[in-house]
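Spelled out from the first residue to the last, the chains are:
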Amino acid sequence: MKIKAKRISGILLSLALVLGLVPGMSLTAYAADATELATDTTTWETGDYVVPEGGVTISGHITVNGTVNLTLTEGATLTASTGITLSDGAILNVSGEGAMVVNGTNGSTASTVAGSGTLVLTSGTLTVTGGNGGDTRGVRVSSGAGGAAINGAVTVNGGTLTATGGRGGNLGERSAYGTTGAGGAAISGSVTINAGTVTVTGGDSGTIGEMSYGANSGAGGAGIAETVTINGGKLTITNGTGGGSQNDGTRGAGGASYSGTLTLGENVILYEGTAVDDEKILDGNTENSRVYEGEKKASMYAYGPDVSQGPDKTELESAITAAETLYESIKDNTDYADIASTLK
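Residues numbered from 1 in each chain as written. Predicted model: local features only at pLDDT ≥ 70, side-chain atom pairs only at ≥ 80, totals over all residues. Heavy atoms only, no water.

## Digging into unusual backbone geometry
Now for step 1: Phi angles above zero are rare outside glycine, and tyrosine 177 is one such case at about 60 degrees.
Now for step 2: Looking at the secondary structure, you find tyrosine 177 in the loop between strand E15 (153-164) and strand E16 (187-188).
Now for step 3: A positive phi angle, close to 55 degrees, is found at methionine 211, a residue other than glycine.
Now for step 4: Tracing the backbone through its elements, the reader meets methionine 211 in the loop between strand E17 (191-201) and strand E18 (228-230). (Helix = DSSP H or I, 4+ residues; strand = E, 2+ residues; numbered from the N terminus.)

Laid out in structure tokens, this is it:
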């Protein structure tokens, strides 16, 4: 019995080592040679990074080059105070059980997470907020627009993503014929959701100060200013609201919940509002994937079973076979240096 238990333990250990080679599977928290983030780690090159226990705040703007795998340590929070740029072709893979908060810069129209790369969330909690537009005051002046939370392609395979566009800049009092800033989009880029929970909210227009005759308001920001595909998981989209006006000024329009197309995967149901409501189904055809062609609402909620992005059965069976082979090759070896060499 002891021999059998020992053999099973050996196979399990070997399996843990081999599973790290299978796409979508890993029994380790992060790579052994991962770089632990520090307050001055503002350039992330291709490789593995991990948030230290206790968390860390990076005040400088972060640049991501190549393919970066970021592990969010459980119980820890990474705060990026002035945003992240994904270089051309860069991929930022975020996973783990911790949290990541990315804030935009107020008074700037720049997006909080920007660039021409791709953001991929597999697990953990990611919160991104666009910077608010700059406030102003005076006759015929315009306040700054709010920044988008994310500008670029986003794929969510799990975890929780919350993106909120920045508020448009306010007009101070006695700002006749001025215009408040428009709200920023939550996400300005294509979005694909396979699993997890995604909540996007466009930024609101700025407000108008007292005695601002003829003042106008900018428009609210879009929830997603591009195409959306949801194959599974939960998606809540809310547009930003336009501001009011004074006297003969113009009121700002609300932003679009999304622009482009909204593709609903098989078994995904679309509702008006922010939760499941059988009396507010916009599209309940769950027999096949389709493009929603109905009316865009200020708030929309899509829900479907998570679509797994893990390894397929063949890859998993191959990993188990490799683990058994590895175990057989080292089970009777007492030369630990030789075993270590084999495991490398």
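## Remarks on the nonpolar core
Now for step 1: If you look at the biggest cluster of nonpolar residues, it comprises 51 residues, and the most contacted ones within it are Trp44, Leu70, Met100 and Ile150.
Now for step 2: Excluding residues within four positions of it along the chain, isoleucine 150 makes contact with Val113, Leu119, Val128, Leu161, Ala163, Ala186, Ile187 and Ser188. (Core = buried A, V, L, I, M, F, W, Y, C linked by side-chain atoms within 4.5 Å. Buried < 20%, exposed > 50% of the residue type's maximum accessible area, 1.4 Å probe, protein only. Contact = heavy atoms within 4.5 Å.)

## Description of the side chain of serine 143
Now for step 1: Mapped onto the secondary structure, serine 143 falls in the loop between strand E13 (125-129) and strand E14 (150-151).
Now for step 2: A distance of 2.7 Å separates a polar atom in the side chain of serine 143 from the backbone oxygen of asparagine 170.
Now for step 3: Apart from the residues within four sequence positions on either side, serine 143 is in contact with Gly134, Asp135, Thr136, Gly169, Asn170, Leu171, Thr179, Thr180 and Gly181. (Polar contact = N/O pair within 3.5 Å; in protein donor to acceptor, adjacent residues only side chain to side chain.)

## Thoughts on the pattern of salt bridges
Now for step 1: For the coordinates displayed, the defined rule picks out three salt bridges.
Now for step 2: With its nearest N and O atoms 3.8 Å apart, the salt bridge here joins aspartate 135 to arginine 167. Placement of the pair is aspartate 135 in the loop between E13 and E14 and arginine 167 in the loop between E15 and E16, with a sequence separation of 32 residues.
Now for step 3: Overall, aspartate 135 belongs to the exposed group, its relative accessible area being 52%.
Now for step 4: Relative accessible area serves as the criterion here: at 26%, arginine 167 is assigned to the partly exposed category.
Now for step 5: Across the pair glutamate 295 and lysine 297 runs a salt bridge whose closest N-O atoms are separated by 3.0 Å. (Salt bridge = Lys/Arg side-chain N within 4 Å of Asp/Glu carboxyl O.)

## Thoughts on the environment of threonine 207
Now for step 1: Here threonine 207 shows up in the loop between E17 and E18.
Now for step 2: With a relative accessible area of 49%, threonine 207 lands in the partly exposed category.
Now for step 3: In this structure the C-alpha to C-alpha distance between threonine 207 and asparagine 170, which are 37 residues apart in sequence, comes to 4.8 Å.
Now for step 4: Apart from the residues within four sequence positions on either side, threonine 207 is in contact with Asn170, Leu171 and Thr180.

## Some words on the pairing of strand E12 (residues 118-121)
Now for step 1: Alignment of strand E9 (residues 91-96) against E12, held across four bridges, turns out to be parallel. Bridging from a neighbouring strand, isoleucine 91 pairs with threonine 118 of E12.
Now for step 2: Of the pairings in the sheet, the one linking E12 to E15 comprises four bridges and is parallel in character. Following the sheet pairing, threonine 118 is matched in E15 by alanine 153. (Pairing = 2+ DSSP bridges.)

## Here's the deal with the side chain of threonine 73
Now for step 1: Among the secondary structure elements, threonine 73 is positioned in the loop between strand E6 (67-72) and strand E7 (77-80).
Now for step 2: One polar contact links the side chain of threonine 73 to the main-chain carbonyl oxygen of valine 51, over a distance of 2.4 Å.
Now for step 3: Those residues within four positions of threonine 73 in sequence are excluded, and the remaining contacts are Val50, Val51, Glu53, Glu97 and Gly98.

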